[in-house]
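A look at the structure
The chain contents come next:
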Amino acid sequence: MTYQSLKGFPDILPDAAAGWRRLESVIHELARRFGYGEIRLPMLESTDLFARGVGEGTDIVGKEMYSFLDKSDPPESLTLRPELTASAARAFVQHSMAQAQPITKWYYIGPMFRYEQPQAGRFRQFHQFGLELYGSPNPEADAEVIIAGAELLRMLGLTNYKLRLNSIGTAEERAAYRTALLEYLTPLSGDLSQESVRRMEKNPLRVLDSKKAEDIRATADAPKILDVLQEESREHFERVKGLLAASGVEFTIDHRLVRGLDYYTRTAFEFQGLDLGAQDALGGGGRYDMLIEQVGGKSTPAVGFSFGMERLLIALQHAGLAGDMAPEEDVYVIGLDDASRAWAATATAEFRAAGLSAECDLLRRSMKAQMREANRRGARAVVIVGGDELAGRHAQVKDLASGDQKAIGFDDLLGELKGLLARPAAPHTVPAPVQPDRTEPISES
Ligand code: AMP
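The model shown is predicted, which means the values in this text are computed figures rather than measured ones.

Conventions we followed
Residues numbered from 1 in each chain as written. Predicted model: local features only at pLDDT ≥ 70, side-chain atom pairs only at ≥ 80, totals over all residues. Heavy atoms only, no water. Salt bridge = Lys/Arg side-chain N within 4 Å of Asp/Glu carboxyl O. Helix = DSSP H or I, 4+ residues; strand = E, 2+ residues; numbered from the N terminus. Buried < 20%, exposed > 50% of the residue type's maximum accessible area, 1.4 Å probe, protein only. Domains from an automatic or database assignment. Expected span 1.5 Å × (residues − 1). Patch = residues over 30% accessible without salt bridge, like charges linked within 9 Å, V, L, I, M, F, W, Y side chains within 5 Å. Areas by Shrake-Rupley, 256 points an atom, 1.4 Å probe, with all protein chains shown as cover. Near = heavy atom within 4 Å. Polar contact = N/O pair within 3.5 Å; in protein donor to acceptor, adjacent residues only side chain to side chain. Pairing = 2+ DSSP bridges. Axes fitted to C-alpha atoms, helices over the stretch in contact; angles between N-to-C directions. Contact = heavy atoms within 4.5 Å.

1. What about the pattern of salt bridges?
If the charged atoms of two oppositely charged side chains come close together, the side chains can form a pair. For the structure on display, the rule yields 31 salt bridges. Its salt-bridge partner being D209, residue R206 comes within 3.3 Å of it at the nearest N-O pair. You can see R206 and its partner D209 sitting in helix α9 (residues 206-209), 3 residues apart, about one turn around the helix. Of the residues examined, D209 reaches a relative accessible area of 26% and is grouped as partly exposed. In this structure, E359 and R352 form a salt bridge, with 3.6 Å as the shortest nitrogen-oxygen distance. Here the residues in one salt-bridge network are E329, R341, R352, E359, D361, R365, E373, R376 and R377, joined through shared partners.

Right under this line is the structure:
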């Protein structure tokens, strides 16, 4: 019996994990610069939290949640987190953050679960990085979050994207807009896709979101939400735009950007990758001033975003920026006979304790095979010891980048290796081929 991973639940193998770690380290650095503290939230929450916090009318709650009844009596319905904004809001309220400090800034990284149809760039278990900023109703907060998103992409070296921006107003403004939009859409419902006709009932704004040609055509002259905003929302939006422009963050206004989630107010934005195919949203977010109250807290304004980490990695690959992520080994220690192998194992442990990444042969292979292995692993140096070296208490140290090789006394080995590793490995030069070309003859075991 063999097993396969579940559809849409990919394994991340070590070569790929190196890219993940690099992405994560950029995220941690971004969060440090912007002053966000990391929050690690549970995988499971009560189903009700997401139903309230994400919204009954959304695709996520309607059809994508991994929900099940647990073993308690009576059973409780639990859900694997499909996103983290609702969980973070729950934690914000639970830990009385509003009383602790005027502004709370959190970030998170981790897996989310949605029962979606897997395709390129879309998984059932995927990872998000998100920021949440609680406590400020002001456009400076919206701008900070959006600038942080743009800065993440800049730090990663990604430029092939578009930032789309819109304001979807307050709940009251949106209610008025909804009526106006329904009036416009109802006579056109024959021209809309079936999905949009269904969406019209629950959330007509989502019709604007549709990528289907017939929906785009039918909504070309639809009223725009920006046109129905009141003074305050209008000023808020102008200020956000001004702050982005002043920071050199380019954006385009997109009247169709309404975001899929119910809890947004005013600013909505999306970073759209331009070479990602159908699943092109790198990340998105907006202001959500009503959520904290909805999950039982005191009304607190908030703004945030989340990025899909798989999408960021795909974009890095497309940009040719994923290649230099593979980790390289510092040193491979080669022992040629039984006693030398024992020495190699001990030396490897000592090098590791001193902070080097070190490896030695565990298969008792020939010198030639060990050399090949050192090359395959991308080792920077090899340390070679045979019977003569053991007797003379020295080892051959070969810099695989330059090809230089010399005999070094055991007591000086660590210092020599550290010095060698500190020297740049001359980027873009092909490492000298590793041959078992000993300066002194050594009999292979
Ligand atoms: P959302 O929470 O739906 O606004 O999604 C935020 C980001 O998460 C999106 O912009 C995508 O980059 C990513 N994302 C959402 N759903 C998936 C999925 N099923 N697979 C991979 N990435 C996803």
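2. Observations regarding the domain arrangement of the chain
Splitting the chain by domain gives domain 1 (14-169 + 229-322 + 435-444) and domain 2 (329-422). Computed over C-alpha atoms only, the centres of domain 1 and domain 2 are separated by 45 Å.

3. Details of helix α15 (residues 338-353)
When the terminal C-alpha atoms of α15 are compared, their 23 Å separation across 16 residues agrees well with the 22 Å that a helix rising 1.5 Å per residue should span. In the stretch just after α15, G355 is the one whose phi turns positive, near 105°.

4. So, a nonpolar patch on the surface
Together, M43, L44 and F68 make up an exposed nonpolar region whose accessible area comes to about 240 Å². Position of F68 among the secondary structure elements: in strand β3 (residues 67-69). Looking at F68, the relative accessible area reads 38%, which means it is partly exposed.

5. Thoughts on the site of the ligand
Taken together, 14 residues are adjacent to the ligand, and R114, E116, F123, R259 and A281 come closest. Between L282 and the ligand, the recorded distance is 3.1 Å, taken from a backbone N or O atom to an oxygen atom. G308 places a main-chain nitrogen or oxygen 3.2 Å from an oxygen atom of the ligand. At the level of elements, β6 (125-134), β10 (281-287) and β11 (302-308) are the ones that each hand at least two residues to the shell around the ligand. No other element matches the 3 residues that β10 contributes to the shell around the ligand.

6. Thoughts on the pairing of β11
The buried fraction of β11 is high, at 7 of 7 residues. For β6 and β11, the ladder comprises 7 bridges, and the chain directions are antiparallel. Looking at β11, one finds that Y134 is bridged to A302. Sheet topology note: the β10/β11 ladder contains 5 bridges and is antiparallel. What sits directly across from G286, in β11, is G304.

7. Digging into the sheet that holds strand β12 (residues 331-335)
Across the sheet, 5 strands lie side by side as β13-β12-β14-β15-β16; this open sheet has mixed pairing. Strands at the two margins of the open sheet, each flanked by one partner only, are β13 (358-360) and β16 (405-409). With direction set aside, neighbouring strand axes in the sheet form an average angle of 25°. Across 5 bridges, the pairing between strand β15 (residues 394-399) and β16 is antiparallel. Note that in β16 the partner of V397 across the bridge is K406. Of the strands in this sheet, β12 and β14 (381-385) are in contact with helix α16 (residues 367-376), which crosses β12 at around 175°. Contacts between helix α18 (residues 413-422) and the sheet are confined to β12, β14, β15 and β16, with β15 contributing the most and set at about 5° to the helix.

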